[in-house]
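Structure assessment
Each chain, written out:
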Amino acid sequence: MRGKRLVVGILSGIFVIAGSVSTSAKSNTYTMPKVSLSKTVVANIALKPQSSSQLTDYVYDTVDPSSPNYHQYLTPGEFASQFGRPTTDINDFKSYLGKYHLKASVYPGNLAIKVVGTRKNLIRAFNAKQVEVSKKDYRTKVKLPAKLSAQTVSVIGVYATKPKSKKTSLAVTPSLPQNPTPPNTDLSKTSFAKKYGALKFADHYQVSDLYKQGLTGQGQRIGIIAMDDFNAKDVLKYWQQTGVNADPSRINKIYSIDGAKTGHLILSMGLNPAQIESTLDVNQSGAVAPDAKIDAYIGLSLKNVTSTTSSYYTAFMQAISDDRDKQISTSFSPNTELASQWEQGASASLGEYNDAFNLLLEQAAVQGISVFRASGDYGPRELALKQFNHVFSTSPYQVITGGTTLPYTRITDGRLITIDKERAWGDTYSNPQTKPANYGGSGGGFSILNPTPRYQQGFSGVNTFRAIDLLKYKRGGFLVNKDPQIIIGKGSGRNVPDVSANADSYTGYATYVSGQDLAYAKDGKTVISVPVKQWTVNGGTSFVSPQMAGANAVMNSGTTSPIGFWNPQIYQFAVQADSPFTVLDDADNNNNLYYTGQPGKLYNQATGLGTVNFAKLYTKFSSEGAH
């Protein structure tokens, strides 16, 4: 079906290249459902730990074999006792907020409070006022009593102004690209999985060697942070096609803001990229770890209960404080490191939100949870902006996963394209444009919010870079430079990504979604719907993050205690004999649209430490635990 589609949702990290769509022959007129705004709203108060320095030290101690705290992971209750706010402080917040008829509930761990009530009472309790930051930017300034303010890192989700519209707001975007050559679903399950599915990842990165040892993720749960609902039956169909355990009980949905009713409503509003994202996050993680269970934390807020940034924080905080999943993955992110793109009217500044998120992820690390995040799909220049920035959180307490291209040969427009070895994903060659356009490539570079973490300080290649100015910004897109120059320099801040795996659309993976395809009729006003069943071949770092979370679940199914916080460990492994990483340090034909490999160095901002041999990585983790 062609035309303009109506979509709801946000995402980062999916890059669509080819697909097939089967639809019914009959279309139906679609009436947009009326959605009344909720009188109840949700906000979060991120709290200061008892000692920030002691918390950070404990985070690193949990993965230091020489420390008495090695793998001494804490439950949320134990975390609350050692690092969270004391119960007396929590009661002070509850007492104060109760005066304004607001319900306050603390997340296990005592590091954040969820606040629920009317918008009017929320504004009164936080003394919320709109302040102008610039001619085009405004914020909500909040004020708590001094005693409570001294214990607060940030207030997330309070807005001084009421929403202007009471109608459902939908964005209009072009249809997903379609290709007459879909994935071949007539292949055997094993062949399909090797060409388009989890075995393609597992075989190439030696997860299959762990399968042979009987490790399949048994006894493990994987948490997925999503910002849209998905059809569980679509995941099951994908698992069945790839020969993976398709037991429906493997999938568990947790709605952290709006409930299942809202999720079903959004699914009825038509296929959208965020639904596809949520679907592939679940099917990829569950396919790589075929005996693990999946907990999808769905942060929906259709009725204006709270903002995207607040619902995202809520979903993450709930997943971590629930403490049921020892690996969590997300490919969504409302957080950006470009201040001009930060949410209008937000009560938490960009820096305050980042600080709150770092504390949240420190709690995850202390509980033994490994967190993975996609690095984005347009190189270091996200959203076709002149500035170098990231649409994802660059917190040092998560594994940021970049993308590569696998070897391939193809003919496009009479040109032979040959990639003879795995390289950084940065594609200006397969489909060059004569007009300003976006190009696909792995996110990477330097954080402007987070300093260089301990595990990266002094590491070979960190805070130095080699780059090539392949692209020139012009009128909302990029042109390919005819005479690109080499740039060598130094950077600072948290370097991203950490590790990488196949993410190129041309060497990508299949996924399946179904639903309603909404489009404008010929009159440009009437909305019609057509049932859709869609197999596509996609790429993006969105695939890498859940795949690595699945691989972590496979490794965890063979360890006596969770692997926990990867980063301090993997940077040490990278300098040891028999490193589990293949460094992609070539300087030529190996870039993420800007950064290249750094010859002779162990790290670069295009692919991080490189690709992972999971059999070797498991051996490293296991032998470390034997100390």
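Residues numbered from 1 in each chain as written. Predicted model: local features only at pLDDT ≥ 70, side-chain atom pairs only at ≥ 80, totals over all residues. Heavy atoms only, no water.

**Looking at the sheet that holds strand β9 (residues 152-156)**
Spatially, β5-β6-β4-β9 is the arrangement adopted by the four strands of the open sheet, whose pairing is antiparallel. Either end of the sheet is taken by a strand with one partner, and the two such strands are β5 (103-106) and β9. Neighbour-to-neighbour, the strand axes of the sheet open up by a mean angle of 20°, direction not taken into account. Where strand β4 (residues 40-47) and β9 come together, four bridges link them in antiparallel fashion. Across the sheet, Ile45 pairs through a bridge with Val155, a residue of β9. (Pairing = 2+ DSSP bridges. Helix = DSSP H or I, 4+ residues; strand = E, 2+ residues; numbered from the N terminus. Axes fitted to C-alpha atoms, helices over the stretch in contact; angles between N-to-C directions.)

**Observations concerning the packing of helix α9 (residues 232-241) against helix α11 (residues 273-288)**
Direction vectors running N to C along α9 and α11 enclose 40°, while the axes themselves pass 9 Å from each other. Classified by the angle between their axes, α9 and α11 sit oblique to one another. Crossing geometry of α9 relative to α11 is assigned as right-handed. Contacts between α9 and α11 involve Asp234, Val235, Tyr238 and Trp239 on the former and, on the latter, Gln275, Thr279, Val282, Asn283, Gln284, Gly286 and Ala287. Taken together, the residues that form the contact of α9 with α11 break down as five nonpolar, five polar and one charged. (Parallel < 35°, antiparallel > 145°, perpendicular 65-115°, else oblique. Left-handed = near helix turned anticlockwise from the far one by under 90°. Contact = heavy atoms within 4.5 Å. Nonpolar A, V, L, I, M, F, W, Y, C, P; charged D, E, K, R; others polar.)

**Observations regarding a positive patch on the surface**
Together, Lys472, Lys474, Arg475 and Lys482 line one region of the surface with positive charge. Within the secondary structure layout, Lys482 lies in the loop between β23 (477-480) and β24 (486-490). Note on Lys482: relative accessible area 86%, which makes it exposed. (Patch = residues over 30% accessible without salt bridge, like charges linked within 9 Å, V, L, I, M, F, W, Y side chains within 5 Å. Areas by Shrake-Rupley, 256 points an atom, 1.4 Å probe, with all protein chains shown as cover. Salt bridge = Lys/Arg side-chain N within 4 Å of Asp/Glu carboxyl O. Lys, Arg positive; Asp, Glu negative; His and termini not counted. Charge placed at Lys NZ, Arg CZ, Asp CG, Glu CD. Buried < 20%, exposed > 50% of the residue type's maximum accessible area, 1.4 Å probe, protein only.)

**Some details on the pattern of salt bridges**
Tallied over the full model, the rule gives eleven salt bridges. One salt bridge in this structure joins Lys194 and Asp203, with 2.6 Å as the shortest N-O distance. You can call Lys194 partly exposed: its relative accessible area is 42%. A salt bridge links Lys616 to Asp578; the nearest nitrogen and oxygen atoms lie 2.9 Å apart. Of the two residues, Lys616 sits in helix α16 (residues 614-625) while Asp578 sits in the loop between α15 (567-573) and β29 (581-582), which places them 38 residues apart along the sequence. Each member of the salt-bridge network shares a partner with another, and the members are Arg221, Asp295 and Arg324.

**Remarks on the confidence of the model for the chain**
In this model, the chain carries an average pLDDT of 88, and 89% of its residues clear a pLDDT of 70 or more. Within the model, pLDDT remains below 50 along residues 1-13, and this stretch shows 64 contacts once partners closer than five positions in the same chain are excluded. Predicted confidence for residues 17-25 stays below pLDDT 50, and this span has 31 contacts to residues more than four positions away or in other chains. (pLDDT = per-residue confidence, 0-100.)

**Quick word on the pairing of strand β13 (residues 293-298)**
Taken across its six residues, β13 has five buried, putting it largely inside the fold. Judged from the five bridges that link them, strand β12 (residues 251-255) and β13 form a sheet pairing that is parallel. The residue bridging Tyr255 from the neighbouring strand is Ile298, located in β13.

**Remarks on the side chain of Gln220**
Within the element layout of this structure, Gln220 appears in the loop between α8 (208-211) and β11 (221-226). Classification of Gln220 as buried rests on a relative accessible area of 14%. Setting aside residues up to four positions removed in sequence, Gln220 forms contacts with Ala292, Lys293, Lys326, Gln327, Ala553, Asn556 and Ser557.

**Some words on the packing of helix α1 (residues 52-61) against helix α13 (residues 350-366)**
Between α1 and α13, the shortest axis-to-axis distance is 9 Å and the interhelical angle comes to 40°. One finds that α1 runs oblique with respect to α13. Relative to α13, α1 is oriented so that their crossing is left-handed. When α1 is examined against α13, the residues Leu55, Thr56, Tyr58 and Val59 are found in contact with a partner set consisting of Leu359, Glu362, Ala365 and Val366.

**Describing the packing of aromatic side chains**
On inspection of all chains with the given rule, the structure shows 30 aromatic pairs. For the pair Tyr509 and Phe543, a centre-to-centre distance of 5.5 Å together with 25° between the ring planes defines the contact as stacked. Of this pair, Tyr509 sits in strand β27 (residues 509-520) while Phe543 sits in helix α14 (residues 541-556), and the two are 34 residues apart along the sequence. Residue classification places Tyr509 among the buried residues on the basis of a relative accessible area of 1%. In textbook terms, an aromatic cluster arises when at least three aromatic residues are bridged by ring pairs, as seen for Tyr60, Tyr397, Tyr455, Phe459, Phe565, Tyr571 and Tyr603. Sitting over the face of the ring of Tyr509, Lys200 holds its NZ or CZ atom 5.6 Å from the ring centroid. Cation over ring: Lys253 sits above Phe230, and NZ or CZ is 4.5 Å from the ring centre. (Phe/Tyr/Trp six-rings, centres within 6.5 Å; stacked < 30°, edge-to-face > 60°. Lys NZ or Arg CZ within 6 Å of the ring centre and 35° of its normal.)

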